[in-house]
Amino acid sequence: MTKSDRLVRIIGMVVVSLFALSLGGALLRFLSCFRAARTAGEFPAGDYMRVYIYGRGDSTVSARLSMYDTNSQEVCLVERSWASRNIVIDFVSAKFSSVCYTFPLEVRGRDSSFMRGTSLSRYVNSSRGCALAGASLELKERDAWHTLSSFALSPMARLFEGRHISYSTLDLSPCETGKEYAVRIDWAGNVFLMEI
């Protein structure tokens with residue numbers, strides 16, 4: 001065996017080892033969601049977002065989106081314009097141990113799906129935890145929310161789409177300019193738009 005053959009073999013083993021470690025890490029994160037769902041319990045239905053449309057032009061829409069935690073405390077506010085006549089909010093649901101947790105993923109133009117929207121995952125999840133888990137929850141419950149949101153909002157969640165991960169879209173085109181709407185998420189992961 002020549003030196004170059006040995007080098008290729010070593011590089012191949014390193015690549016395979018790194019892939020196996022990554023896959024193992026993804027599997028461990030996936031399995032930890034079952035315990036987290038049992039700890040977190042049933043998803044508390046509530047108004048987790050508010051939407052206010054400032055105005056619409058021929059090719060833009062300006063809006064304010066607020067996110068709220070389980071205590072109805074505002075955790076973030078996004079104000080901006082999108083290059084589209086209407087906008088939608090994408091959600092991801094994580095279903096483990098008969099429990100479904102739904103998190104806002106992105107706001108984007110309805111007729112410009114080829115363009116990236118505004119990511120909401122950075123507002124929902126951080127190294128400090130899941131912002132939607134209110135302070136009234138016990139620490140172990142907030143940690144469980146963080147485990148579930150970290151997994152659901154990660155790119156690796158797409159590997160588990162179907163039985164445990166699902167995606168949905170809420171169309172905001174029915175929202176009228178100058179009126180405020182609540183985005184309600186129920187215990188089963190269904191998302192509703194309601195005028196306030």
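Each remark here, short or long, concerns the structure printed above.
Reading the values: the criteria
Residues numbered from 1 in each chain as written. Predicted model: local features only at pLDDT ≥ 70, side-chain atom pairs only at ≥ 80, totals over all residues. Heavy atoms only, no water. Helix = DSSP H or I, 4+ residues; strand = E, 2+ residues; numbered from the N terminus. Expected span 1.5 Å × (residues − 1). Buried < 20%, exposed > 50% of the residue type's maximum accessible area, 1.4 Å probe, protein only. Pairing = 2+ DSSP bridges. Salt bridge = Lys/Arg side-chain N within 4 Å of Asp/Glu carboxyl O.

(A) Local environment of helix 3 (residues 139-152). Taking 1.5 Å per residue as the helical rise, helix 3 with its 14 residues ought to reach 20 Å, and the 20 Å between its terminal C-alpha atoms agrees with that figure. Among the residues of helix 3, Glu141, Ala144, Trp145, Leu148, Ser149, Ser150, Phe151 and Ala152 are the ones counted as buried.

(B) Layout of the pairing of strand 2 (residues 61-68). Most of strand 2 sits inside the fold, with six of its eight residues counted as buried. One ladder, built from seven bridges, connects strand 1 (residues 46-56) with strand 2; its direction is antiparallel. Note that in strand 2 the partner of Tyr52 across the bridge is Arg64. What sits between the antiparallel neighbours strand 1 and strand 2 is a turn of four residues. What sits between the antiparallel neighbours strand 2 and strand 3 (residues 74-82) is a turn of five residues, in which Ser72 has the positive phi angle 65°.

(C) Looking closely at unusual backbone geometry. Even without a glycine there, the phi angle at Ser72 is positive, about 65°. Looking at the secondary structure, you find Ser72 in the loop between strand 2 and strand 3. The backbone of Ser98 shows a phi angle near 60°, a positive value even though the residue is not glycine. Mapped onto the fold, Ser98 is located in the loop between strand 4 (87-96) and strand 5 (99-109).

(D) Spatial organisation of the pattern of salt bridges. Under the criterion given, the structure shown has seven salt bridges. Residues Lys179 and Glu176 are paired through a salt bridge, measuring 3.1 Å at the closest nitrogen-oxygen approach. Between Glu195 and Lys179 there is a salt bridge whose closest N-O contact spans 3.8 Å. Of the two residues, Glu195 is situated in strand 11 (residues 191-195) and Lys179 in the loop between strand 9 (165-171) and strand 10 (180-185); the sequence distance between them amounts to 16 residues. Assessed through its relative accessible area of 30%, Lys179 is described here as partly exposed.

So far we have only geometry, and geometry alone does not tell us how the molecule works.
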